[in-house]
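Geometric and topological summary
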Amino acid sequence: MKMCSLIPRKAALCAAVALAGLAPGALSQARAQAQAPTPEMAEMRRGMELMQKQMAVMTPELVEKANALSPQIKQFLMKVALKHPRQSDRLTLRQVMQEILADYQSVAGAIAVDNGELAADAARRIANHRLPRGGMLPYLPLEMVTNQALSVLPAMEEAVEGGARKLAEAAEKGDMVAAAQHFGTVTSGCVACHAHFRGQPGTSPRVRAP
Ligand code: HEC
């Protein structure tokens, strides 16, 4: 990334390319093919632009940690950005999570009263949840922005989003027993991710620790 540091004006773009796990040359290659982009190239460009947008609102401290992540994790984060078209410029992760919780509760109620259509719609909203300003990384403890800590993300995504999609399919077919089982998988994803990444919300410096 030497080239990147020499051209500060392009630093954000370089950072995005770095975050996408690509060599700097890949960008000019992407540009050269811009006239007749294959669908894959167009998708990669879009992914790089989305990562660039996320990096642009991160502090330099976080950008540095994000840049140091492995190509696999960078590509996973880029795929997440590509898969979730609803991306907020304002909302925090906690606010997005409140929305996910509302859909999660809709799913629970709908399964319990055998309303497959509502369960399916709400489950798909969970799978296609909104992304917060700057993506997920800014809201994790800085020391968790490492290859090791983030390596669990694909499994958690599979439990929550994969589980929610399977839940939706089962609910649509009227198989609420299977939907309830997938709901268990979704829940295990919420639980695992919270145990790993989430501290105690709203603690106060003016109360003694329990
Ligand atoms: C990829 C990891 C991840 C997954 C999966 C996840 N969460 Fe979260 N969640 C977090 C983090 C991190 C926070 C803390 C954010 C903060 O405080 O800034 C959080 C916070 C929350 C909050 C805010 C209130 C609180 O007690 O912290 C709610 C509500 C919530 N999550 C619901 C859910 C539900 C429901 C699911 C499953 C459908 C889920 N989350 C799945 C990472 C995750």
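Data block above holds the structure.
Remarks on the overall build of the chain
The helix and strand inventory of the chain stands at 11 helices and 0 strands. Moving toward the C terminus, one meets the helices and strands of the chain in the order α-α-α-α-α-α-α-α-α-α-α. The buried share of the chain, reckoned over its 210 residues, is 28%.

Points about the nonpolar core
Core analysis: the largest hydrophobic core is formed by 21 residues, its most contacted members being Val107, Ala119, Ala123, Ala164, Leu167, Ala171 and Ala179. When residues no more than four places from it in sequence are discounted, the contact partners of Ala164 are Ala123, Arg124, Ile126, Ala127 and Val186. One finds Leu50, Val63, Ala66 and Leu137 within the second-largest nonpolar core, a separate group that totals 16 residues.

Some thoughts on the packing of helix α8 (residues 116-127) against helix α10 (residues 153-172)
Here α8 crosses α10 at 160 degrees, and the two axes come no closer than 8 Å. In terms of their interaxial angle, α8 and α10 are classed as roughly antiparallel. Here α8 and α10 pass one another in a crossing that is left-handed. Taken together, the residues of α10 that come into contact with α8 (itself represented by Gly116, Ala119, Ala120, Ala123, Arg124, Ile126 and Ala127) are Val160, Glu161, Ala164, Arg165, Leu167, Ala168, Ala171 and Glu172. Residues that form the contact of α8 with α10 fall into these classes: 10 nonpolar, 1 polar and 4 charged.

Considerations on the site of the ligand
Near the ligand you find 20 residues, and of these Met97, Cys190, Cys193, Arg198 and Pro201 are the closest. When contributions to the shell around the ligand are tallied by element, the ones reaching two or more residues are α7 (93-112), α10 and α11 (176-197). Broken down by element, the shell around the ligand gets its largest block of residues, 7 residues, from α7. Grouping the amino acids of the shell around the ligand by side-chain chemistry returns 15 nonpolar, 3 polar and 2 charged.

A few points about the packing of α7 against α11
In the contact formed by α7 and α11, the axes pass within 10 Å of each other and the chain directions differ by 150 degrees. Classed by the angle they form, the pair α7 and α11 counts as roughly antiparallel. Between α7 and α11 the crossing geometry is left-handed. When α7 is examined against α11, the residues Val107, Ala108 and Ile111 are found in contact with a partner set consisting of Met176, Ala179, Ala180 and Phe183. Considered class by class, the residues forming the contact of α7 with α11 number 7 nonpolar, no polar and no charged.

With respect to unusual backbone geometry
Although it is not a glycine, Asp114 adopts a positive phi angle of roughly 60 degrees. Among the secondary structure elements, Asp114 is positioned in the loop between α7 and α8. Looking at Asp114, the number of C-beta atoms within 10 Å reads 12, which means it is exposed.

Points about the environment of Glu158
Residue position: Glu158 is located in helix α10. Between the alpha carbons of Glu158 and Val186 there is a distance of 8.7 Å; along the sequence they are 28 residues apart.

Quick notes on α10
Within an α-helix, residues lying three or four positions from one another point in the same direction, as the helix has 3.6 residues per turn. With 20 residues, α10 extends 28 Å from end C-alpha to end C-alpha; this agrees with the ideal 28 Å at 1.5 Å per step. Those residues of α10 not exposed but buried are Ala159, Val160, Glu161, Gly163, Ala164, Leu167, Ala168, Ala170 and Ala171. Those residues of α10 that are buried are in contact with α7, α8 and α11. Directly after α10, the chain includes Gly174, whose backbone phi takes a positive value near 85 degrees.

What counts, and at which threshold
Residues numbered from 1 in each chain as written. Predicted model: local features only at pLDDT ≥ 70, side-chain atom pairs only at ≥ 80, totals over all residues. Helix = DSSP H or I, 4+ residues; strand = E, 2+ residues; numbered from the N terminus. Buried ≥ 20, exposed ≤ 12 C-beta atoms within 10 Å, placed from the backbone. Core = buried A, V, L, I, M, F, W, Y, C linked by C-beta atoms within 7 Å. Contact = placed C-beta atoms within 7 Å. Axes fitted to C-alpha atoms, helices over the stretch in contact; angles between N-to-C directions. Parallel < 35°, antiparallel > 145°, perpendicular 65-115°, else oblique. Left-handed = near helix turned anticlockwise from the far one by under 90°. Nonpolar A, V, L, I, M, F, W, Y, C, P; charged D, E, K, R; others polar. Near = placed C-beta within 6 Å. Expected span 1.5 Å × (residues − 1).

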